[in-house]
Amino acid sequence: MLPRTTELVVFDEKYGGNIEWISCDFGERYEKLANLISGGDSPDFFYGGNMDAFPNGAVEEMFVPVDDYIDFDSELWEDVKDVNDSLLWNGKHYCTIVQSTGDKVACVYNRKTVAEAGLDDPAELYENGEWDWNAFENMLDSFVDVKNQHYGIDGWWFEFALMNTTGIAPVSIEDGKLVSNIGDPAMERVQNWLHSLNQKGSIAIGVGDYGWTAHPEYIGEGKLLFYPVGLYEFYNEKEKWIEKYGEDVFFVPMPKDPEADEYYVPVGMESYLMVKGGKNLEGVAKFLDCKRFAILDEDTKEIADQQFLDDYGWTDEMLEMKDEMQKLADENAFFDLSTGVSKDCGDLLDSNLRNSARGTPWNETYDSIYSTVQIYIDEVNEKSGTE
């Protein structure tokens, strides 16, 4: 049974509505969905925030446009109209974004470690408008000393998180069709930078005796400078996140690309798609209206913030930084549709776009994947008639 969130309470009280959740194994959800559609027992809607449902699901006619049910010009939706319009497919809205999310990846560090190394606190640098790639790299240059177990960046999120700061997604929609951006100069620039960080030993994985296992606990032990990861790591009891990251842990947005036109950060989405053959799409629209109401409602935010303070042991400063990350996401939202092209395309880019940070020159990676990525994209565009 779903928890009684604010939107569910409003949905019940205003419309007498409720949500029935169809459970299945995560890896089998598309097979399950296809079987339900073909059997004439379609669910009404499907979660799109995992970024792998759109646009391929629309092309395969698993989902239908929402334009007859949701008014993006209305007061409830006007704040997210532009971001929804950015994903128009064949002139229609399929992926309904109720909110861009700014907590996808934060740059986690330990203030005690930073202070003992004689470095400026990234939170202060951010406040002063000085938190960018240059400040990030200067801190790494000063801190990293592999022989003395002082390591730079760890984790499985940092490559794409730093790529995202350029504001250029590997795959995006432009003029209603999918395009590859791996040949964009900004992609080349960030990949060359990641390679240079690797060559200097600033990337911890595989350096010295670090091994090939992530060590988030090194943040708390003073051995590691940065561990970019989603804020979900802090969405639990204080004892758990302190045990992993230490008493003095804090976080900031990923550093700004000094050559980007805006401050871009990794952005996620809370989004939903209406399923072909769904019996109550008007009910879905009303539920999504309730979600928008809950997002805009100040009382709901106050309750959520209090939960962070009471249940998760956050400080007011942590809440303020989380709000800053959300603000950046709202102001400059963009989405990578790599996995929405196909699983093969997503897997290819996910593995190969990390190569620069592992020591492979970007031109070698680019030459090996460019044509294949374009083939995947062309296939989807051709199927939809957008080629």
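Up top is the structure these notes are about.
Residues numbered from 1 in each chain as written. Predicted model: local features only at pLDDT ≥ 70, side-chain atom pairs only at ≥ 80, totals over all residues. Heavy atoms only, no water.

1. Thoughts on the overall build of the protein chain
Stated formally: Runs of H or I in DSSP of at least four residues are treated as helices and runs of E of at least two as strands, each being numbered from the N terminus. Exposure categories follow from relative accessible area, calculated using a 1.4 Å probe and restricted to protein chains: below 20% of the type maximum is buried, above 50% is exposed, and the middle band is partly exposed. Surface accessibility in these figures is a Shrake-Rupley result with a 1.4 Å probe; residues are shielded only by whichever protein chains are displayed. Counted as positive: Lys and Arg. Counted as negative: Asp and Glu, with His and the chain ends omitted from the count. The atoms used to mark charge sites are NZ of Lys, CZ of Arg, CG of Asp and CD of Glu.
Secondary structure assignment for the protein chain yields 17 helices and 10 strands. In terms of overall dimensions, the protein chain has a C-alpha envelope of 65 × 50 × 35 Å along the principal axes. A buried classification covers 51% of the 387 residues belonging to the protein chain. As displayed, the protein chain offers around 18,200 Å² of accessible surface, 44% of which is attributable to carbon and sulfur atoms. Positive and negative side-chain charges of the protein chain, numbering 30 and 78 respectively, have mean locations separated by a distance of 3 Å.

2. Looking at the packing of aromatic side chains
Put simply, the rule is: Here a pair means two rings of Phe, Tyr or Trp (six-membered ring of Trp) with centres within 6.5 Å. Their orientation is stacked below 30 degrees between planes, edge-to-face above 60, and tilted elsewhere.
One pass over the structure, following the stated rule, counts 34 aromatic pairs. Ring centres of Trp133 and Trp193 lie 4.2 Å apart, and the angle between their planes is 10°; on these two criteria the pair is classed as stacked. Taken together, the residues span a long stretch of sequence, with Trp133 in helix H7 (residues 133–143) and Trp193 in helix H9 (residues 185–199) at a distance of 60 residues. The residues Trp133 and Trp193 share a single accessibility class, namely buried. Ring centres of Tyr151 and Tyr218 lie 6.3 Å apart, and the angle between their planes is 15°; this geometry places the pair in the stacked category. Taken as a pair, Tyr151 in strand S5 (residues 151–153) and Tyr218 in helix H10 (residues 217–221) lie far apart in primary sequence, 67 residues in all. A single burial state applies to Tyr151 and to Tyr218, both of which are buried. Counting every residue linked through ring pairs, the aromatic cluster contains Tyr109, Tyr227, Phe234, Tyr235, Trp241, Tyr245, Phe250, Phe251, Phe308, Tyr312 and Trp314.

3. Notes on a nonpolar patch on the surface
How we decide: Like charges within 9 Å and nonpolar side chains (Val, Leu, Ile, Met, Phe, Trp, Tyr) within 5 Å are joined into patches, using only residues over 30% in relative accessible area that form no salt bridge. Each salt bridge in this description consists of a side-chain nitrogen of Lys or Arg and a carboxyl oxygen of Asp or Glu lying within 4 Å of one another.
On the surface, Trp156, Trp157 and Tyr232 cluster together into a nonpolar patch covering about 320 Å² of accessible area. By secondary structure assignment, the location of Trp156 is in the loop between S5 and helix H8 (158–164).

4. Some details on helix H11 (residues 238–245)
Threshold: To be clear, the arc concerns the directions from the helix axis to the C-beta atoms. Residues are treated as being in contact if the distance between any of their heavy atoms lies within 4.5 Å.
Listing the buried residues of H11 in full gives Trp241, Ile242 and Tyr245. All buried residues of H11 fall inside an arc of 100° around its axis, so they share one side. Those residues of H11 that are exposed and angled more than 90 degrees off the buried face are Glu239, Lys240 and Glu243. Buried residues in H11 make contact with strand S4 (106–110), H10, strand S8 (224–229), strand S9 (249–252) and helix H14 (316–331). A positive phi of about 95° marks Gly246, the residue just after H11.

5. Observations regarding the pairing of strand S10 (residues 268–275)
The test is simple: Any two strands with at least two DSSP bridges between them are considered paired.
Most of S10 sits inside the fold, with 8 of its 8 residues counted as buried. With burial as the criterion, each face of S10 is covered, one bearing Gly268, Glu270, Tyr272 and Met274 and the other bearing Met269, Ser271, Leu273 and Val275. With 3 bridges joining them, strand S1 (residues 45–47) and S10 adopt antiparallel strand pairing. The partner of Phe46 across the bridge, within S10, is Leu273. Inspection of the sheet shows strand S2 (residues 63–64) paired to S10 by 2 bridges, in the antiparallel sense. For Val64, the partnering residue across the bridge sits in S10 and is Met274. With 5 bridges joining them, strand S3 (residues 96–101) and S10 adopt antiparallel strand pairing. Within S10, the residue paired with Ile97 across the bridge is Ser271.

6. Remarks on the packing of helix H13 (residues 298–310) against H14
To keep things clear, this is the line we draw: Axis lines are fitted through C-alpha atoms, for helices just across the contact stretch, and the angle between N-to-C directions can take any value from 0 to 180 degrees. Here the angle decides the label: under 35 degrees means roughly parallel, over 145 means roughly antiparallel, 65 to 115 means roughly perpendicular, and every other value means oblique. Helix crossings get a hand from a simple test, with the near helix turned counterclockwise from the far one by less than a right angle marking a left-handed crossing and a clockwise turn marking a right-handed one. Throughout this entry, Asp, Glu, Lys and Arg are counted as charged residues, while Ala, Val, Leu, Ile, Met, Phe, Trp, Tyr, Cys and Pro are counted as nonpolar. The remaining residues, Gly among them, count as polar.
Two elements in contact, H13 and H14, have axes separated by 10 Å at closest approach and are oriented at 130°. Classed by the angle they form, the pair H13 and H14 counts as oblique. Read as a crossing pair, H13 and H14 show a hand that is right-handed. In this structure, H13 uses Lys301, Asp305, Phe308 and Leu309 to contact H14, whose residues at the interface are Asp316, Leu319, Lys322 and Asp323. Grouping the amino acids of the contact of H13 with H14 by side-chain chemistry returns 3 nonpolar, no polar and 5 charged.

7. A short note on the environment of Thr315
Its place among the elements puts Thr315 in the loop between H13 and H14. As for Thr315 and Ile182, which are separated by 133 residues in sequence, their C-alpha atoms are 40 Å apart.

8. Quick word on the sheet that holds S4
Judged by pairing direction, the sheet is mixed, and its 4 strands sit side by side in the order S5-S8-S4-S9 without closing on themselves. Each end of this open sheet is capped by a strand with a single partner; those strands are S5 and S9. Put simply, the sheet's adjacent strands are angled 25° from each other on average, direction ignored. Summarising the sheet, S4 and S9 pair through 4 bridges and their orientation is antiparallel. Along S9, the bridge assignment pairs Val108 with Phe251. Its contacts with the sheet put H7 on S4, S5 and S8, and the angle it makes with S8 is roughly 140°.

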